[in-house]
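# Geometric and topological summary
Residues per chain, in single letters:
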Amino acid sequence: MAQKNLSVVLHSQGDLRLENLPIPEPGPNEVLLQMHSVGICGSDVHYWQHGRIGDFVLTKPMVLGHEASGRVVKIGAAVKHIKEGDRVAIEPGVPREMDEFFKNGRYNLSPTIFFCATPPDDGNLCRYYKHNANFCYKLPDNVTFEEGALIEPLSVGIHACRRAGVTLGSTVLICGAGPIGLVCLLVAKAMGASQVVITDLSPERLAMAKELGADFQLTVKRADRPQQLAKTVTDMLGAQPHITIECTGVESSIQTAIYGTRSGGVVVLVGLGSEMATVPLINAAVREVDIRGVFRYCNTWPMAISMLASGKVNVKPLVTHRFPLEQAIQAFETTRQGLGIKVMLKCDENDQNP
């Protein structure tokens, strides 16, 4: 193996560098991966631009990247279920201890969880990366590395739709048609939603949403009033939606989500905005509209792999740009400008295929 581990390292706010780091040695329960495809997430760009997200503050250099897949090149002594040569998708959140959250199956809520590219934990936007083998999932032959990397954003959609209770016949409003809004659309449809309305400021993103199966697209403007937007959604569907999945984090959009949801329905908050938001809480309370939060995901990788392998969900159209790892800075700039949907970095010099 080439003894170079080119990595994308964020040193401080605005200071993103490509540098060679040592190739890590896997522990007994870990595997060493030759990385293949890594998607750039809005959070990666946010750390680059702002040096923090909420309470997670960059204090030392950190490797970015957490939407990833690769090939196993070395296994730890205790690893049984995967072998060298296996193609795997990486679940970036690995619990560090068996606390109450781990025990009851909601390990994403464990306060001490390891998570790729969340300070102080390094991500996997590099040539070689080691990871806990229990959080590497073997990809079937008919699922590409890029699809494997897209399981991470897809998992947000799965977790959001599970939390929302999307089921056969549900009507759903999705606020925001960025990558997360679009995966929520794909998953909601796969889980049986009969009609989905999706909103965004960008007509281009809504065009993509239409291609991916949205029944109605609503172009919003910043000046639109939440109650008016809620009424427009009702007019489109013929009734208020059972479920709203809010993927923007914008205060006015959260207001629209609450006003727009049917009494007895569910609002799921996926997008993260400012810590405090003024929302019509009493409106939700008296109409028994449940407001549920989402923090990443848990127990989603097996379902995601099944969905992709069976063809129930097609994430391939989400990838609009590809760059070799050497052009990472340009790739980040492309994402920052909001061009396309998903930018994919190709980390294997000898295999730049999807």
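Source: prediction; values computed, not measured.

This part covers the UniProt feature "domain: Enoyl reductase (ER)" (unreviewed entry) in the chain. Under the present numbering, the feature "domain: Enoyl reductase (ER)" (unreviewed entry) in UniProt falls on residues 14-345. Taken end to end, residues 14-345 is 30% helix and 26% strand, and its first and last C-alpha atoms sit 19 Å apart.

Attention now goes to the sheet that holds strand S6 (residues 62-63). The strand order S2-S1-S6 describes an open sheet built from three strands, whose pairing is antiparallel. Since the sheet does not close on itself, it has two edges, and those belong to strand S2 (15-21) and S6, each with one partner. Its contacts with the sheet place helix H10 (residues 328-336) against strand S1 (5-12) and S2, and it is angled at close to 145° to S2.

The next point concerns the sheet that holds strand S17 (residues 266-269). Within the open sheet, the six strands sit side by side as S15-S14-S13-S16-S17-S18. Their pairing is parallel. If you trace the sheet from one side to the other, it starts and ends with strand S15 (216-219) and strand S18 (290-293), each paired once. Put simply, the sheet's adjacent strands are angled 15° from each other on average, direction ignored. The sheet contact formed by strand S13 (residues 171-175) and strand S14 (residues 195-200) spans five bridges and is parallel. Following the sheet pairing, Val172 is matched in S14 by Val196. Strands in contact with helix H3 (residues 145-164) are strand S16 (243-246), S17 and S18; relative to S17, the strand with the most contacts, it is inclined by about 150°. Helix H4 (residues 179-190) rests against S13, S14 and S16 of the sheet, and its axis sits at about 175° to S14.

Cis geometry marks the peptide bond from Pro119 to Pro120, where omega comes out at 5°. Its identity is not glycine, yet Glu288 carries a phi of approximately 55°, on the positive side. With respect to the helices and strands, the residue Glu288 is situated in the loop between helix H8 (281-286) and S18. A relative accessible area of 59% places Glu288 in the exposed class.

Before going further, it helps to examine the packing of aromatic side chains. Counted according to the given criterion, the structure contains five aromatic pairs. For the ring pair Tyr107 and Phe135, a centre distance of 5.9 Å and an interplane angle of 80° mean the geometry is edge-to-face. With Tyr107 in the loop between helix H2 (100-103) and strand S10 (114-115) and Phe135 in the loop between strand S11 (128-132) and strand S12 (136-138), this pair connects stretches of sequence that are 28 residues apart. With a centroid separation of 6.4 Å and 40° between ring planes, the pair formed by Phe115 and Tyr297 is classed as tilted. Note that Phe115 is positioned in strand S10 and Tyr297 in the loop between S18 and helix H9 (301-310), a separation of 182 residues in sequence. The residues Phe115 and Tyr297 share a single accessibility class, namely buried. A connected cluster of aromatic rings, assembled from ring pairs, spans Phe115, Tyr137, Tyr297 and Trp301. In this arrangement the basic side chain of Arg87 is found over the ring face of Phe145, its NZ or CZ atom lying 4.6 Å from the centre.

In this structure, Leu33, Met35, Leu154, Ile174, Leu182, Ile245 and Phe332 are the most contacted members of the largest nonpolar core, which totals 93 residues. Among the elements that take part in this core, H3 stands out by supplying nine residues, more than any other. Residue contributions to this core reach at least three from each of two domains, namely domain 1 (5-138 + 315-346) and domain 2 (157-293). Aside from chain neighbours lying at most four places away, what touches Phe332 is Val8, Leu16, Ile40, Asp44, Val45, Trp48, Leu64, Leu125 and Leu345. Val197, Leu218, Val220 and Val233 belong to the second largest nonpolar core, which has eight residues in total.

On domain assignment, one finds that the chain holds domain 1 (5-138 + 315-346) and domain 2 (157-293). Taking only C-alpha atoms, the centre of domain 1 and the centre of domain 2 are 29 Å apart. Each partner contributes to the interface: domain 1 provides ten residues, whereas domain 2 provides nine residues. Summed over the three residues of domain 1 that lose the most area to domain 2, namely Pro317, Leu318 and Ile341, the buried surface amounts to 62% of that side. Linking domain 1 to domain 2 there are zero salt bridges. Residues that form the side of domain 1 that touches domain 2 fall into these classes: four nonpolar, four polar and two charged.

Looking now at the packing of H3 against H4. Across the interface, H3 lies against H4 with an axial gap of 8 Å and an inter-helix angle of 60°. By the angle between their axes, H3 is oblique relative to H4. Helix-helix and strand crossings are classified by hand; for H3 and H4 the assignment is right-handed. On H4, the residues touching Pro153, Leu154, Val156, Gly157, Ile158, Ala160 and Cys161 of H3 are Ile180, Val183, Cys184, Val187 and Ala188. Each residue belonging to the contact of H3 with H4 can be placed in one class, and the counts come to eleven nonpolar, one polar and no charged.

As a further point, take the pattern of salt bridges. Between side chains of opposite charge, a pair can form as their charged atoms come close. A full pass over the atoms with the stated rule returns 15 salt bridges. A salt bridge links Asp15 to Arg17, with the nearest nitrogen and oxygen atoms 2.8 Å apart. Residue classification places Asp15 among the partly exposed positions, given a relative accessible area of 22%. Taking the shortest distance from any N to any O, the salt bridge between Arg336 and Glu333 comes out at 2.4 Å. Of this pair, Arg336 and Glu333 are both found in helix H10, three residues apart, which corresponds to roughly one turn of the helix. Of the residues examined, Glu333 reaches a relative accessible area of 24% and is grouped as partly exposed.

Conventions adopted
- Residues numbered from 1 in each chain as written.
- Predicted model: local features only at pLDDT ≥ 70, side-chain atom pairs only at ≥ 80, totals over all residues.
- Heavy atoms only, no water.
- UniProt positions renumbered as here; feature names shortened; annotations may be inferred.
- Helix = DSSP H or I, 4+ residues; strand = E, 2+ residues; numbered from the N terminus.
- Pairing = 2+ DSSP bridges.
- Contact = heavy atoms within 4.5 Å.
- Axes fitted to C-alpha atoms, helices over the stretch in contact; angles between N-to-C directions.
- Buried < 20%, exposed > 50% of the residue type's maximum accessible area, 1.4 Å probe, protein only.
- Phe/Tyr/Trp six-rings, centres within 6.5 Å; stacked < 30°, edge-to-face > 60°.
- Lys NZ or Arg CZ within 6 Å of the ring centre and 35° of its normal.
- Core = buried A, V, L, I, M, F, W, Y, C linked by side-chain atoms within 4.5 Å.
- Domains from an automatic or database assignment.
- Buried area = accessible area lost by both parts, 1.4 Å probe.
- Salt bridge = Lys/Arg side-chain N within 4 Å of Asp/Glu carboxyl O.
- Nonpolar A, V, L, I, M, F, W, Y, C, P; charged D, E, K, R; others polar.
- Parallel < 35°, antiparallel > 145°, perpendicular 65-115°, else oblique.
- Left-handed = near helix turned anticlockwise from the far one by under 90°.

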